[in-house]
Protein chains: 2
Amino acid sequence: MPAATLDPMRPPRPDDDRPHYLTLRDQLGEAIATGRLAPGTRLPSERQLQSETATARGTIREALFQLEAEGRIYRRDRSGWYVSPAAVTYDPTRWAGFMTYVVEQGRTPATQTLSIDSVAAAAATAGIFGLAIGAPLHELTRRRSIDGRPVLVERIMVDPALAPDLATQDLDGSLTHILSRHYGLAAVRNHIDMRPCALTTPVAGTLGVKSGTPGLLIVRTSFAANGRVVEYDHEYWRHDAIKVQVDLTIRA
Amino acid sequence: MPAATLDPMRPPRPDDDRPHYLTLRDQLGEAIATGRLAPGTRLPSERQLQSETATARGTIREALFQLEAEGRIYRRDRSGWYVSPAAVTYDPTRWAGFMTYVVEQGRTPATQTLSIDSVAAAAATAGIFGLAIGAPLHELTRRRSIDGRPVLVERIMVDPALAPDLATQDLDGSLTHILSRHYGLAAVRNHIDMRPCALTTPVAGTLGVKSGTPGLLIVRTSFAANGRVVEYDHEYWRHDAIKVQVDLTIRA
DNA sequence: GAGTGGTCTAGACCACCTT
DNA sequence: AGGTGGTCTAGACCACTCA
């Protein structure tokens with residue numbers, strides 16, 4: 001027998017025959033569900049869990065990744081793992097901006113403008129706005145936070161013909177309000193695309209998450225009564241920060 | 001110098017200072033984007049990639065996990081990694097069932113009924129149907145596939161007062177049609193909740209994916225004109241199989 | 001039976017956060 | 001300065017798929 005190739009350190013699989021990381025995942029999940037680990041709490045460090053449970057660090061991390069995928073914990077880079085706060089509910093049929101509905105849910109929103117530029121419309125974008133390729137567009141990027149935690153990065157395109165001098169406005173508040181009060185632009189119809197995605201460079205960096213973290217992409221096209229596109233918006237959300245809720249009547 | 005603790009095998013970080021797994025991820029991603037690896041194609045095995053790139057298997061796997069999180073590849077357990085097919089578009093405002101809109105997009109849908117039972121309504125469910133706790137409900141679970149790949153598991157609750165003998169129907173087709181043709185039940189309003197989730201036991205097992213795989217949960221409550229709940233449905237989707245699209249008018 | 005991914009160990013060094 | 005997660009190596013055995 002080639003006993004030399006056996007790994008004498010290998011512990012047996014648990015009796016229930018489930019992988020160790022699922023057992024650990026469910027133990028930690030239980031502690032979160034019962035409130036023993038409250039939202040915002042920091043989990044024990046990986047090395048601490050390692051010595052408590054006598055398993056390798058890789059296995060510990062696998063359990064943590066699972067909880068992260070479920071949206072129950074998140075990481076602050078090189079600081080630790082934390083229990084996720086509750087997700088906010090987002091209803092795209094209501095024309096209330098981020099600032100409004102976050103406050104309505106008892107949370108504290110914040111917005112930071114990252115950039116406001118004039119860019120030339122690419123083919124796809126030009127088609128959406130009904131403009132010629134290369135036509136100028138406002139491109140606004142912002143980061144929005146809830147209770148101090150960044151939850152989304154958005155890139156908004158606006159037709160400067162409808163909103164001249166947008167760059168001179170204070171864009172750290174509600175764009176909705178600016179568009180309606182300063183420019184008389186009110187959306188009457190929204191077209192929304194939504195799909196799970198991975199947050200990658202540079203969005204991941206801006207949100208302070210690891211590249212590849214699961215996220216949700218919401219693309220919103222807002223139309224005015226005359227059919228012009230008022231806003232074309234890409235929102236990259238942390239997947240644990242949002243629940244989408246829509247109430248709608250059925251078309252044929 | 002404690003040279004004995006140095007790892008002589010450790011290769012240098014690449015010049016661009018990005019982790020190796022991101023480099024590999026982007027190389028594979030490029031091959032997928034350009035069509036060199038077409039949807040449905042199997043990727044080289046992990047050990048093959050390992051020897052091609054001279055990196056450890058764990059690093060290879062990290063790159064694959066990233067592409068999986070982006071929805072660009074998926075795994076068939078112990079068979080290999082495959083390039084994901086295109087996602088189907090789902091428009092909850094259209095009262096067309098799964099079978100219909102999948103066909104409209106040139107794909108082949110299939111449905112398997114997993115179970116049909118009568119269960120006692122729990123508190124939350126009873127509230128939704130406006131029934132007493134413990135009242136009987138039909139509970140239907142099904143698995144649905146596109147082009148032979150399972151993409152979602154759903155659990156549907158139906159009030160037996162509105163649809164008696166539902167269990168005797170052929171449930172492998174469109175429930176929508178059965179409800180409207182046999183029972184005269186047509187939904188006029190949908191309430192929809194949507195959020196990224198992780199697919200865990202037992203859903204993961206039914207879809208043949210690893211527990212913890214990212215997914216999308218859609219909860220749909222359908223109301224008839226008289227306000228009664230026609231259907232209360234939980235759909236657990238593979239996250240790479242669906243794009244949600246909604247077109248809606250703005251409420252105040 | 002050969003090959004695949006799934007799980008697990010036991011280290012190492014690094015960049016960065018925290019105090 | 002000490003601790004944290006981030007990255008990476010180099011193995012091992014296992015359960016399962018596929019031909």
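So, a few notes on the structure that sits alongside this text. (Residues numbered from 1 in each chain as written. Chains lettered and ligands numbered in written order. Predicted model: local features only at pLDDT ≥ 70, side-chain atom pairs only at ≥ 80, totals over all residues. Heavy atoms only, no water.)

1. Side note on unusual backbone geometry
Reasoning step 1: Note the cis peptide between T201 of chain A and P202 of chain A, where omega equals 0°.
Reasoning step 2: Along the chain, the position of P202 of chain A falls in the loop between β7 (187-199) and α7 (203-207).
Reasoning step 3: You will see that A54 of chain B, though not glycine, has its phi angle at about 55°, which is positive.
Reasoning step 4: Given the relative accessible area of 67%, A54 of chain B is considered exposed.
Reasoning step 5: Even without being a glycine, D165 of chain B presents a positive backbone phi close to 60°.
Reasoning step 6: The residue D165 of chain B is located in the loop between β6 (149-158) and α6 (175-183) in this model. (Helix = DSSP H or I, 4+ residues; strand = E, 2+ residues; numbered from the N terminus. Buried < 20%, exposed > 50% of the residue type's maximum accessible area, 1.4 Å probe, protein only.)

2. Describing empty space enclosed by the protein
Space left empty within the atom packing is revealed by a probe, the size of a water molecule, rolled over the atoms.
Reasoning step 1: Here the structure, examined in full by the defined rule, presents eight cavities of 30 Å³ or more.
Reasoning step 2: By volume, the largest cavity amounts to about 450 Å³.
Reasoning step 3: Taken together, 21 residues form the lining of the largest cavity, with F65 and A69 of chain A together with F65, E68 and A69 of chain B sitting closest to its centre.
Reasoning step 4: Where the lining of the largest cavity is concerned, the elements lending two or more residues are α3 (57-69) and β8 (213-224) of chain A together with α3 (57-69) and β8 (213-224) of chain B. (1 Å grid on protein atoms, 1.4 Å probe; cavity = no way out; pocket = protein on both sides within 12 Å on 5 of 7 lines; lining within 4 Å. Points joined across faces, edges and corners; volume = space filled by probe spheres on them.)

3. As for the nonpolar core
Reasoning step 1: W237 of chain A together with W237 of chain B are the most contacted members of the largest nonpolar core, which totals 36 residues.
Reasoning step 2: Each residue touching W237 of chain A, except ones within four places of it in the same chain, is listed here: V88, F98, Y101, V151, L152, L199, G215, L216, I218 and I242 of chain A. (Core = buried A, V, L, I, M, F, W, Y, C linked by side-chain atoms within 4.5 Å. Contact = heavy atoms within 4.5 Å.)

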